Amino acid sequence: MMNIQYHSAEVIIFESTLYQTTSTLLISASTLLLVDPNWSPREVQFIHSYIREHFPGRRLYLFLTHADFDHILGVGAFPEARIIASEGLQHYPEKDRAIGDIRDFDARFYWSRSYPLYFPEVDIVVEDHRQVVQLDALELHCFFAPGHTREGLMGWAASHETLILGDYLSDLEFPFVYDHSQRYLHTLDEVEWMIQNYPIRIAVPGHGQAMIDDLGEMKRRLAKDRLYLSRLQRFGRGETSVVFDDLIQSYAFARGLGEEHERNLEKIKSEIGE
Ligand SMILES: [Zn+2]
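In this report, we go over the structure that sits alongside the text. Bear in mind the structure is a predicted one, so any value in this text is a computation, not a measurement.

Turning our eyes to something else, we now look at the sheet that holds strand E10 (residues 153–157). The strand order E8-E9-E10-E11-E12-E13 describes an open sheet built from 6 strands, whose pairing is mixed. Of all strands in the sheet, those bounded by a partner on one side alone are strand E8 (131–135) and strand E13 (211–212). When strand E9 (residues 138–144) meets E10, the two strands line up antiparallel, connected through 5 bridges. The partner of Phe144 across the bridge, within E10, is Leu153.

A word on the sheet that holds strand E7 (residues 124–126). Judged by pairing direction, the sheet is mixed, and its 7 strands sit side by side in the order E1-E2-E3-E4-E5-E6-E7 without closing on themselves. Of all the strands in the sheet, the pair left with one neighbour each is strand E1 (3–7) and E7. Direction aside, neighbouring strands of the sheet carry axes that sit 20° apart on average. Where strand E4 (residues 31–35) meets strand E5 (residues 59–63), 5 bridges bridge the pair, whose relative direction is parallel. Its bridge partner being in E5, Leu33 is matched across the sheet by Tyr61.

With that settled, the discussion passes to the environment of Ile84. Assignment of secondary structure puts Ile84 in strand E6 (residues 82–86). Measuring from C-alpha to C-alpha, the distance between Ile84 and Val122 comes to 6.0 Å, with 38 residues separating the pair along the chain. What Ile84 contacts, discounting residues up to four positions off in sequence, is Tyr61, Leu62, Phe63, Ile124, Val126 and Val133.

In this section: unusual backbone geometry. For the bond running from Asn38 to Trp39, omega is -5°, close enough to zero to count as cis. Among the structural elements, Trp39 can be located in the loop between E4 and helix H1 (41–54). Of note in this structure, Arg130 is not a glycine but carries a positive phi near 65°. Along the chain, Arg130 falls in the loop between E7 and E8. The backbone phi angle of Asp136 is positive, close to 55°, even though this residue is not glycine.

Calculation notes
- Residues numbered from 1 in each chain as written.
- Predicted model: local features only at pLDDT ≥ 70, side-chain atom pairs only at ≥ 80, totals over all residues.
- Pairing = 2+ DSSP bridges.
- Helix = DSSP H or I, 4+ residues; strand = E, 2+ residues; numbered from the N terminus.
- Axes fitted to C-alpha atoms, helices over the stretch in contact; angles between N-to-C directions.
- Contact = placed C-beta atoms within 7 Å.

Limitation: the analysis is restricted to geometry and does not speak to function.
Spelled out as structure tokens, the structure:
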């Protein structure tokens, strides 16, 4: 069994017990688009069985938002699927490390997977910002989303009025800056542009609660993420009015996120003087 966070005839959002990681399924008459299938071996198996049982014979595509190991570990369970991801993911410089991260994680929990682990081979490569990929009736607009990671990708499905955010706009996590804080802010600007220019009924972050018919919540999360980043930048530049620990106190799982917060600070400091 697996938690299903949201369910309609067109969209299903699966939710893992680990880090509330989501995997979204977009459904159309002939085509299925599955985002970042995850996490435990049983959960990946559940999603696979669910699709085979409820939607037999439909063409399956996987959309990968980025190369962090929790977002690519389920790929080997869907060898029949065609994979859509960014050029950056196709040429990801640390493919072996990503697979190593999966093996390390699984080893810690004595998890074995009944499918092979490998770094995804991309079939449909997104090479341009705002590139449109047509999958039968499903029209997917793809956006480069660097900042969290360099190879990040978001997708807006016009047919489903659904926005796939990857690891942005989570209600549980402040921005994790593995790439660059300025690019992160720029990607948030891009999300704002999407909100202004597209109808968005559903917006799904990689971790936490999806936003359903709730533009207000999207804007609140945008503002909160921007505030976190700007305060962290100020703290990194030595402004004493900013209290480092206070920046994350409003997050539900703050006590588990201290290490990521520290890591962000190191990152921000390394950016100063670039
Ligand atoms: Zn990530």
